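The lines below spell out each chain.
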Amino acid sequence: MNVFLMYRERDLDPKPKLPANEAALMQDLELNALFEAMAQEDKFLFGVAKQAVLSSLDNPDAIRYRQEILKDCLKNPAIVRQIYQIPLQSIQNKQKHWMGVFSRYPGAILSGAVEMLEMFVGLLKELKGIADEHAGEFESEGFQRFFAMIKQELGDEYFAVVENHLKELKFRNGVLLSAELGKGNEGTNYLLRKPNSKDPHWMNRVFSKKSPVYSFTIPSRDDHGARALGELRDRGINLVANAVAQSADHIDSFLNTLRLELAFYIGCLNLSEQLAGLGEPIAFPLPVASHERKHSFAGLYDVCLALTMKQKVVGNMVDADGKDLVIITGANQGGKSTFLRSIGLAQLMMQCGMFVAADSFSANVCGGLFTHYKREEDTSMKSGKLDEELGRMSIIVANIASDCLVLFNESFAATNEREGSEIARQIVNALLEKQIKIFFVTHQYEFAHSYFDQKMKKAIFLRAERQLDGARTYKLIPGEPLQTSYGEDLYHKIFGTNQ
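Residues numbered from 1 in each chain as written. Predicted model: local features only at pLDDT ≥ 70, side-chain atom pairs only at ≥ 80, totals over all residues. Heavy atoms only, no water.

As for helix α3 (residues 43-54)
And step 1. Its 12 residues give α3 an end-to-end C-alpha distance of 17 Å, which sits within 8% of 16 Å, the value for a rise of 1.5 Å per residue.
And step 2. Those residues of α3 that fall on the buried side of the exposure criterion are L45, V48, A49, Q51, A52, V53 and L54.
And step 3. Two or three places before F44, at the start of α3, stands the capping residue D42, its side-chain oxygen 2.9 Å from that residue's backbone nitrogen. (Helix = DSSP H or I, 4+ residues; strand = E, 2+ residues; numbered from the N terminus. Expected span 1.5 Å × (residues − 1). Buried < 20%, exposed > 50% of the residue type's maximum accessible area, 1.4 Å probe, protein only. Polar contact = N/O pair within 3.5 Å; in protein donor to acceptor, adjacent residues only side chain to side chain.)

Here it is as structure tokens:
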């Protein structure tokens, strides 16, 4: 049995390879806040959320497959949580009982496996009941196929056969074995045999002529004899014990996969409930192919900022369709870095099949997301700040490819403006030649205005809005780069001087 709730054609890999820039993405986009909101103090949910969000899908069709499943989850949260409890209950039961499956003795292995299968059968019946009652309430391809598989694989006949086998495997009437004599008259080829069927009429069983057999009885105090007989029994049931244990492992694997894949959707439910409590909107994005250039949205906000502040935050509307380069300038503390972070978060959330923090959102998928943010000074003095920035840029270049997305936040500002602008310009030009999309937050007027003067058709210029009295609206509006970042506003605000 397969779950197929994360991918159309395969189950989720429990240990995928995360991107090489995982640490940078976690730091620059403040992803811990997102994962903690999804996890609700559950370490397993945190790990699955991190795995899913950082393992981006690059196929719009695969993204839509998950989106439809998530929409079903949002419509039926109680049912999805009920299904998720089934593998959790299995784990709790295993922790309390059934250590026999880890024994090296066939008898103990068989006994433990039979008990586990009895427990699994009860949980599978519960899952079957949910499928029978609620399958019609789910519309996505993934859930419809999942419930159809449950109904087909776990029919009444299946449960009847399994329960009958489990009853027989307890050997309440003893074990029927066959064996052959090998070299030195040693026993070999021990096999478990199906018990002879009994005559259903009790009179025939009482008065029938008994067949002569050779038999012996072990005295009650003969420990060695009992041990020898136990060894003979273990030889006979060895193959059956292994087969039953493998059957238990198969169902256990199915339930573990069900837990793993549903954990992603449980995390999404947790996040959506928290955002609803803050009055923040969510939207299912429209993904397009990577070679297209689409990036338009309304009401896009930084989901991690909202979760941290526990209140609604300002959203932005931008139409950057057909653009390869977005340069963001404007007033200090005007929301530029927050906007840039919202771009990265929305891209990751879209490409793992989630909703995004916006009223509407559409973008092309990217082959990889990279961030190049300014860092604090190296206290160990092993390298200068510019050297450190160039070193990180070199690592990005070594891993980047066409149709990727790079977010720059005040990069290459550790030197004078002329030198920093030239470095930034050469790097941006090289990336644009490789069809890489760029969002660049900068205070370097010379760098920003050089592209504005070129009147590039595939570039858009945004500016952090500042009102006449110096107040920040935290909105990004289209606008020509200015020579000032209005640092004097901060000076007056901090020191309380008149403007």
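Past the structure itself, the notes keep going.
Focus on the nonpolar core
And step 1. In this structure, L31, F143, F146, L271, V303 and M354 are the most contacted members of the largest nonpolar core, which totals 108 residues.
And step 2. A total of 15 residues in this core trace back to one element, the largest contributor, which is helix α10 (residues 223-278).
And step 3. Excluding residues within four positions of it along the chain, M354 makes contact with M38, V53, Q67, L70, F264, C268, L271, F284, P285 and M349.
And step 4. Among the nonpolar cores identified, the runner-up in size contains 23 residues, and L325, F370, M393 and A424 belong to it. (Core = buried A, V, L, I, M, F, W, Y, C linked by side-chain atoms within 4.5 Å. Contact = heavy atoms within 4.5 Å.)

What to know about the sheet that holds strand β9 (residues 405-409)
And step 1. The strand order across the open sheet built from six strands is β8-β9-β10-β6-β11-β12, with neighbouring strands paired in mixed fashion. In this open sheet, the two strands that pair with only one neighbour each are β8 (369-373) and β12 (472-478). On average, each strand axis in the sheet is tilted by 15° relative to the strand beside it, whichever way the strands run.
And step 2. Sheet strands touched by helix α14 (residues 417-433): β6 (325-330), β9 and β10 (437-441). Its angle to β10, the strand with the most contacts, is close to 160°.
And step 3. Most of the contacts of helix α15 (residues 445-453) go to β6, to which it runs at about 130°, and overall it touches β6, β10 and β11 (459-466). (Pairing = 2+ DSSP bridges. Axes fitted to C-alpha atoms, helices over the stretch in contact; angles between N-to-C directions.)

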